[in-house]
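Analysis of the macromolecular model
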Amino acid sequence: MKRLFTIGEALIDFIPEEKGTKLKEVGGFEPQVGGAPANVAATHTILGGESFLLTQLGIDAFGDKILDTLKDTGVKTEYITRTREANTGLAFVSLDHTGNREFSFYRNPSADLLYHPSQIGGIEFRADDILHFCSVDLVESDMKSAHETAIGKMSEKGGTIIFDPNIRLPLWEDKVAYQKTVQSFIPMADIIKVSDEEIHFITDIKEEKEAISALFTGNVKVVVFTRGPDGSQIIFKDGTKFCHPGYTVSTVDTTGAGDAFIGAVIRKLTESEYSAYSTLAESGWEVLRFANAVGAMTTMRKGAISSIPARHKVETFIGGL
């Protein structure tokens, strides 16, 4: 079976009990396990794949909660380490009336940022494996170096590397440094997943088509472009693309929807007998239809991992339209 490895943060999202309230005015929160790499790994596993998360947690109750949730979900946790040197990361979230979010992060540093490159040493990647990463943990830290080590090892084996920048501006004091860091990691990936809300920041180009073209640098062969409720596209370097309009649902919370989307894309890649590129080139529309359904269904409940739908429910959802 093709395997997925995700690297980066696993944290607790504190989701507000009510919508339409500014973060400073929220009266109560519900803790949910989150962090994009954890969400992607969980989505891939819930949809039938095999996932490994590479991260570090504090030796605290929140770390215990994350580990228990991931194990219950089926994510492989043997490469998750624990430390007393820092606490597990926390993120407090507020929701407007449409389910969109405002974040406040607590990590100075958090345990995941102390994940050392040496902890990648014992992992044996294979040519049919996929490595997924985001930008939240690319601040100057041991974890950034661990990303570089993992990417290098996966490249040597000929595996597929997917970069979803997943921009979180509140986590970076220096926005120019953030932009340059993201730009420096783009050429290392085979596939880039980017949203319409973040592409201008990443590329510094206002015109959308030109901005997407600018992402085809280094090893990049495919761009997966999302538009929130307006669907998504798979775009190839030669200009070929697939489009799917997405689905209209009653949105409760958008937390983790983009992670669920790319986790579903990856599941389509790992269940295919063909390479990632060939699968997208031959079945791009079907991949988007499936991933858009998973992403949309995730917004219908609170939280990220807790809202990921089972495979049979996704197929029922698609079949009922």
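Per-chain numbering applies: the sequence of each chain, read as written, is numbered from 1 onward. Per-residue local features are limited, in this predicted model, to residues with pLDDT of at least 70; the limit for side-chain atom pairs, both in listing and counting, is 80 or more; totals at the level of whole chains, interfaces and linings are taken over all residues. Only hydrogens and water are removed before side-chain values are computed, so all heavy atoms of the structure are retained for them.

**With respect to the overall build of the protein chain**
Secondary structure assignment for the protein chain yields nine helices and 13 strands. Relative to a compact globule of 321 residues, whose C-alpha radius of gyration would be 20 Å, the protein chain shows 18 Å and is just as compact. With the C-alpha coordinates of the protein chain rotated into their principal frame, the extents come out at 45 × 45 × 40 Å. Type-normalised accessible area, obtained with a 1.4 Å probe on protein chains alone, sets the label of each residue: buried when under 20%, exposed when over 50%, and partly exposed for intermediate values. Taking all 321 residues of the protein chain together, the buried fraction comes to 58%. Two residues form a contact once any of their heavy atoms are found within 4.5 Å. Within the protein chain, counting contacts between residues at least 6 apart in sequence, those at least 24 apart form 72% of the total. Helical segments are the DSSP runs of H or I of at least four residues, strand segments are the runs of E of at least two, and each set is numbered from the N terminus. Here the globule rule reads 2.2 Å times residues to the power 0.38, and the radius of gyration is calculated from C-alpha atoms.

**A few points about the nonpolar core**
Buried Ala, Val, Leu, Ile, Met, Phe, Trp, Tyr and Cys residues form a nonpolar core when they are joined through side-chain atoms within 4.5 Å. Counting 50 residues, the largest nonpolar core has I7, F163, I192 and V223 as its most contacted members. The biggest single contributor to this core is helix α3 (residues 142-157), with five residues. Once you skip the residues sitting within four places of it in the chain, I192 turns out to touch F163, I186, L215, V220, V222, V223 and V224.

**Details of the sheet that holds strand β12 (residues 232-236)**
Read from one edge to the other, the open sheet built from nine strands follows the order β5-β4-β1-β8-β9-β10-β11-β12-β13, with strand pairing classed as mixed. In the strand order of this sheet, the two ends are held by β5 (80-83) and β13 (241-244), each with one partner. Looking at each pair of strands side by side, their axes are set apart by 15 degrees on average, direction ignored. When DSSP finds at least two bridges between two strands, those strands are taken to pair. Across five bridges, strand β11 (residues 222-226) lies against β12 in antiparallel orientation. Within β12, the position partnered with F225 by the bridge is Q233. Axis lines are fitted through C-alpha atoms, for helices just across the contact stretch, and the angle between N-to-C directions can take any value from 0 to 180 degrees. On top of the sheet, α3 reaches β1 (3-7), β4 (50-58), β8 (130-133) and β9 (160-163); it is set at about 155 degrees to β8, its chief contact.

**Describing the pattern of salt bridges**
Salt bridges, as used here, are contacts in which a Lys or Arg side-chain nitrogen is within 4 Å of a carboxyl oxygen on Asp or Glu. Counted by the stated rule, this structure contains 13 salt bridges. The structure contains a network of salt bridges with shared partners spanning R267, K268, E271, R311 and E315.

**Quick look at the side chain of T77**
As for its placement among the helices and strands, T77 is situated in the loop between α2 (61-73) and β5. For T77, the residues in contact, after removing those within four places along its chain, are L67, L70 and K71.

**Here's the deal with the pairing of strand β10 (residues 191-195)**
Successive side chains on a regular strand alternate, one facing one side of the sheet and the next facing the other. Among the five residues in β10, five count as buried, and that is most of the element. With the strands pointing away from the viewer, any crossover whose connection runs clockwise from the first strand over the helix to the second is right-handed. Handedness of the crossover joining β9 and β10 through helix α4 (residues 175-185): right-handed. Strand direction decides the pairing type here: β10 and β11, joined by five bridges, are parallel. Its bridge partner being in β11, K193 is matched across the sheet by V224.

**So, helix α7 (residues 257-270)**
Quick reminder: α-helices carry 3.6 residues per turn. Residues three or four places apart thus point the same way. Given a helix with a known number of residues, its expected span is that number minus one, times 1.5 Å. Relative to the 20 Å expected for 14 residues at 1.5 Å per residue, α7 spans 20 Å between its end C-alpha atoms, a close match to the ideal helical length. Across the 14 residues that make up α7, a large majority, 13, are buried.

**Digging into the packing of helix α1 (residues 36-46) against α7**
Angle between the axes and distance between the axes: these two values describe a pair of packed helices. At their nearest, the axes of α1 and α7 sit 8 Å apart, and the two run at 45 degrees to each other. When the axis of α1 is compared with that of α7, the two are oblique. For the pair α1 and α7, the crossing hand works out as right-handed. On α7, the residues that touch A36, N39, V40, T43 and H44 of α1 are D259, A260, I262, G263, A264, I266, R267 and T270. Each residue gets one of three labels, nonpolar for Ala, Val, Leu, Ile, Met, Phe, Trp, Tyr, Cys and Pro, charged for Asp, Glu, Lys and Arg, and polar for the others, Gly among them. Tallied by class, the residues present in the contact of α1 with α7 amount to six nonpolar, five polar and two charged. Between 65 and 115 degrees an angle is taken as roughly perpendicular, under 35 as roughly parallel, over 145 as roughly antiparallel, and anywhere else as oblique. Handedness of a crossing follows from how the near helix is turned relative to the far one, being left-handed for an anticlockwise turn of less than a right angle and right-handed for a clockwise one.

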